[in-house]
Amino acid sequence: GDGDEAGGDEAGGDEAAGDEAGGDEAAGDDGGDAVDKYGGEAGAEPKDDEDKPRDGASKVISGDTYEFPIYEYNKEDRWLVSKKERSNDMITIVTQCSMDRITQLRAMCQGWSGVVSVAVYIKDDIQMNKDILQELFDEMERMYSVILDISILYENNIGRNDE
């Protein structure tokens, strides 16, 4: 049809762009063995020791293709909650980030007039990072129309040094 010439052949791929029989050489697929994000061969049968937790995971769930380590975190749901008035028809942005993305969170909040509910992962130095989040929250309460709610979570093996 008319779209085939401009967009390439959907079934066979566009050989000029390097897409041959499902492989995409131009996108960096060298045809080698696939590796999942945990370093195992994608699609490989789990080994007996793969059912045991590792790297701080409390347990591992094995599926047909991938393993999913389950981590347990300390969490403080709704640690900071905006006191601004809310209405039932407001749109809420629900997101998550780690402390290295607080600058992007601040920019999002500065440009949003609805609710932002964020879960922030703290990797280390809990009290220092809570202080940073408190400053962000106070700034948003004072200077912007965003309604910001912050929950925090951190690994069980990090000692709590707050209060």
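Residues numbered from 1 in each chain as written. Predicted model: local features only at pLDDT ≥ 70, side-chain atom pairs only at ≥ 80, totals over all residues. Heavy atoms only, no water.

**Considerations on the sheet that holds strand E7 (residues 115-122)**
Condition: One requirement defines pairing of two strands: DSSP has to find at least two bridges between them. A run of H or I in DSSP becomes a helix once it reaches four residues, and a run of E becomes a strand once it reaches two; helices and strands are each numbered from the N terminus. In this analysis an axis means a line fitted to C-alpha atoms, helices contributing only their contacting stretch, and an angle means the value between N-to-C directions, from 0 to 180 degrees. Residue contacts follow a heavy-atom distance rule, with two residues in contact if any of their heavy atoms lie within 4.5 Å.
With respect to topology, four strands assemble into an open sheet ordered E5-E8-E7-E6, the strand pairing being mixed. A strand with exactly one partner marks an edge of an open sheet, and here the two such strands are strand E5 (73-81) and strand E6 (92-98). Strand after strand, the sheet turns through a mean of 15° between neighbouring axes, direction not considered. Where helix H2 (residues 102-110) meets the sheet, its contacts fall on E6, E7 and strand E8 (147-155), and the angle it forms with E6 comes to roughly 165°.

**Looking at unusual backbone geometry**
Stated precisely, the cut-off is as follows: Residue exposure (1.4 Å probe, protein chains only): buried if accessible area is under 20% of the type maximum, exposed if over 50%, otherwise partly exposed.
Phi at Arg78 takes a positive value of approximately 50°, unusual for a residue other than glycine. Along the chain, the position of Arg78 falls in strand E5. Given the relative accessible area of 51%, Arg78 is considered exposed. Here Asp125, not a glycine, exhibits a phi torsion of approximately 45°, which is positive. Take Asp125: it is sitting in the loop between E7 and helix H3 (126-143). A residue is classified by how much of its surface remains accessible, and Asp125, at 36% relative accessible area, is partly exposed.

**So, H3**
Spelled out, the test is: To estimate how far a helix should reach, multiply one less than its number of residues by 1.5 Å.
Between its first and last C-alpha, H3 extends 26 Å over 18 residues, near the 26 Å set by a 1.5 Å rise per residue. Turning to H3, its buried residues number three or more, namely Ile126, Asn129, Lys130, Leu133, Leu136, Phe137, Glu139 and Met140. Elements that come into contact with the buried residues of H3 comprise E5, H2, E7 and E8.

**Considering the packing of aromatic side chains**
For clarity, the cut-off: Pairing of aromatic side chains here covers Phe, Tyr and the six-membered ring of Trp, requires ring centres within 6.5 Å, and sorts the geometry by plane angle: under 30 degrees stacked, over 60 edge-to-face, intermediate tilted.
Summed over the entire model, instances satisfying the criterion amount to two aromatic pairs. Relative to Tyr73, the ring of Tyr71 lies with its centre 6.5 Å away and its plane at 45°, an arrangement referred to as tilted. Overall, the relative accessible area of 32% leaves Tyr71 in the partly exposed class. On the basis of relative accessible area, Tyr73 is assigned to the partly exposed category, the value being 35%. Plain terms: the ring middles of Tyr73 and Tyr121 are 5.8 Å apart, the flat faces sit at 85° to each other, and that makes the pair edge-to-face. Here Tyr73, found in strand E5, pairs with Tyr121, found in strand E7; they are 48 residues apart in sequence, far enough to count as distant. Note on Tyr121: relative accessible area 22%, which makes it partly exposed. A network of ring pairs unites the aromatic residues Tyr71, Tyr73 and Tyr121 as a single cluster.

**A few points about a negative patch on the surface**
The cut-off we apply is this: Patch rule: a residue counts if its relative accessible area is over 30% and it has no salt bridge; like charges are joined within 9 Å, and nonpolar side chains (Val, Leu, Ile, Met, Phe, Trp, Tyr) within 5 Å. All accessibility values rest on the Shrake-Rupley procedure with a 1.4 Å probe; residue burial counts only the protein chains present in the view. Here a salt bridge means any side-chain nitrogen of Lys or Arg lying within 4 Å of a carboxyl oxygen belonging to Asp or Glu. Asp and Glu are treated as the negative residues and Lys and Arg as the positive ones, with His and the ends of the chain left uncounted. Working definition for charges: the position is that of NZ of Lys, CZ of Arg, CG of Asp or CD of Glu.
A cluster of acidic side chains, namely Asp124, Asp125, Asp131 and Glu135, defines a negative patch on the protein surface. Take Asp131: it is sitting in helix H3. The class for Asp131 is partly exposed, based on a relative accessible area of 38%.

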